[in-house]
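Analysis of the macromolecular model
Below, each chain spelled out in residue letters.
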Amino acid sequence: MDRKKRRRAVEEMGISRVMEYVYVLVGSALVAVSFNLFLLPNNVASGGVSGISTIMKDVAGWEPAYVQWALNIPLFIAGVILLGRQFGVKTLVGTIFLPFVVFLTKDMDPWTTDPLLASLFGCIGVGLGLGIVFRGKASTGGTDLAAQILNKYIGLSLGTCVALIDGLIVLAAAFVFDIERGLYALIGLYVTSKTIDIVQIGLGRKKMALIITNHQNEVREGILNKIDRGVTKLSAYGGYTDDERPVLMCVVDQTEFTKLKQLVKTIDSSAFIIVTDASEVLGEGFNRA
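What you are looking at is a predicted structure, and each value in this text was computed from that prediction instead of being measured. (Residues numbered from 1 in each chain as written. Predicted model: local features only at pLDDT ≥ 70, side-chain atom pairs only at ≥ 80, totals over all residues. Heavy atoms only, no water.)

**Focus: the overall build of the chain**
The secondary structure content of the chain amounts to 10 helices and 4 strands. In sequence order, the chain lays out its α and β elements as α-α-α-α-α-α-α-α-β-α-β-β-α-β. Residue burial in the chain is summarised as follows: out of 289 residues, 39% are buried. As displayed, the chain offers around 16500 Å² of accessible surface, 60% of which is attributable to carbon and sulfur atoms. (Helix = DSSP H or I, 4+ residues; strand = E, 2+ residues; numbered from the N terminus. Buried < 20%, exposed > 50% of the residue type's maximum accessible area, 1.4 Å probe, protein only. Areas by Shrake-Rupley, 256 points an atom, 1.4 Å probe, with all protein chains shown as cover.)

Shown next as structure tokens:
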């Protein structure tokens, strides 16, 4: 029996690893196609190595795929040397495959010549692609590796390093093209980051409620039986009285929150409720993974 379990675990691990490579390939291809359909033809250089390649295409006429290879591969090697072997084969695959698809799809006709539409839809595609790559536990290398190197050797926070590098690329785009293109690139950066968040944590927002009430048992029973959600009792003490005041914690869907609020207020109109968004909830009654 143990041997069967081990064999099944090995098979599941193998399938999981294969799927991670599929994520990297699909995500990288989506980034590359979005780049050629929207960003490159409209001179939207929204950060990263792709933004540099967009600028160099206009300034020197260099093929974007070659520029991306010329920057990505040395950055990957530098990352391995300076930061250790933490990036793995999957990141190398993304680093090489993304420019390859950019090269294969370079003759595709752009879907729009409106730079605003290009920055919005192009960066949605880039964000979707990068989010998928991140789900494969990899990255496409590029300026993210440069930011990590700066973070280690200069001491600036990783977020500051990323913002600094992307900001310089956007500034260069504004100088090479025009201020308007630079502003479109800023919009694109924002759209990309938000799209990655959506891919990573999903659209289904939950609400987490912390409830302080003198009628704990009634509220707990109501949550368990009328809303059919779990509830956890947390040990707490009043800051003024130092009396024990347990806190009930409950996570519900947005559609259930109004029902929860009405339930608590019906039982105890003086109850104190703190509500916050829960981006991702894993466990029984919610996502399993």
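After presenting the structure, the write-up continues.
**With respect to the pattern of salt bridges**
Inspection of the entire model under this criterion finds 5 salt bridges. Two residues, K90 and E20, come together in a salt bridge whose shortest N-O distance is 2.7 Å. You can see K90 sitting in helix α4 (residues 88–104) and its partner E20 sitting in helix α1 (residues 2–39), a full 70 residues away along the chain. With a relative accessible area of 16%, K90 lands in the buried category. (Salt bridge = Lys/Arg side-chain N within 4 Å of Asp/Glu carboxyl O.)

**Focus: α4**
Counted at 1.5 Å a residue, the expected span for α4 with its 17 residues is 24 Å, and the 25 Å between its end C-alpha atoms agrees. Taken together, the buried positions of α4 are K90, T91, G94, T95, L98, P99, V101 and V102. (Expected span 1.5 Å × (residues − 1).)

**Points about the pairing of strand β3 (residues 247–253)**
Within β3, 5 of the 7 residues are buried, which leaves it mostly tucked inside the rest of the structure. Across 6 bridges, strand β1 (residues 206–212) lies against β3 in antiparallel orientation. Each residue of the ladder has a partner; that of A209, found in β3, is C250. Across 3 bridges, the pairing between strand β2 (residues 232–234) and β3 is antiparallel. From the neighbouring strand, T232 faces β3, where its bridge partner is M249. (Pairing = 2+ DSSP bridges.)

**Some thoughts on helix α6 (residues 143–154)**
Taking 1.5 Å of rise per residue, 12 residues should cover 16 Å, and α6 covers 15 Å from first to last C-alpha, within 8% of that figure. The first or second residue beyond α6 is G155, which carries a positive phi of 100°.

**A few points about the packing of aromatic side chains**
The description of two aromatic rings rests on the distance between their centres and on the angle between their planes. Scanning the entire structure with this criterion turns up 4 aromatic pairs. Ring geometry for Y66 and W69: centres 6.3 Å apart, planes at 20°, overall stacked. Of this pair, Y66 and W69 both sit in helix α3 (residues 64–83), 3 residues apart, which is roughly one turn of the helix. The class of Y66 is partly exposed, set by a relative accessible area of 47%. Each ring, one from F97 and one from F100, has its centre 6.3 Å from the other, and the planes form 40°; the classification is tilted. Here the residue F97 and the residue F100 both occupy positions in helix α4, the gap between them amounting to 3 residues, near one helical turn. Among the aromatic residues, those joined into a cluster by ring pairs are Y66, W69 and F103. (Phe/Tyr/Trp six-rings, centres within 6.5 Å; stacked < 30°, edge-to-face > 60°.)

**Points about the nonpolar core**
For soluble globular proteins, the rule of thumb is that nonpolar side chains tend to be buried together. With 15 residues, the main nonpolar core has L39 and V102 as its most contacted residues. Within the residue set of this core, elements represented by two or more residues are α1, α4, α5 (115–135) and α8 (179–201). Ranked by residue count, the leading element in this core is α1, at 4 residues. Those residues in contact with L39 that sit more than four places away from it in its chain are S34, V44, S46, A118, S119, G122, C123 and V126. Core analysis: the second largest hydrophobic core is formed by 14 residues, V219, V252, L263 and V264 among them. (Core = buried A, V, L, I, M, F, W, Y, C linked by side-chain atoms within 4.5 Å. Contact = heavy atoms within 4.5 Å.)

**What to know about unusual backbone geometry**
Even without a glycine there, the phi angle at D228 is positive, about 60°. Following the sequence through the fold, D228 ends up in the loop between α9 (216–227) and β2. Classification of D228 as exposed rests on a relative accessible area of 63%. Positive phi is not limited to glycine here, since D242 has a value of about 65°. On the secondary structure map, D242 appears in the loop between β2 and β3.

Just geometry here; none of it tells us what the structure is for.
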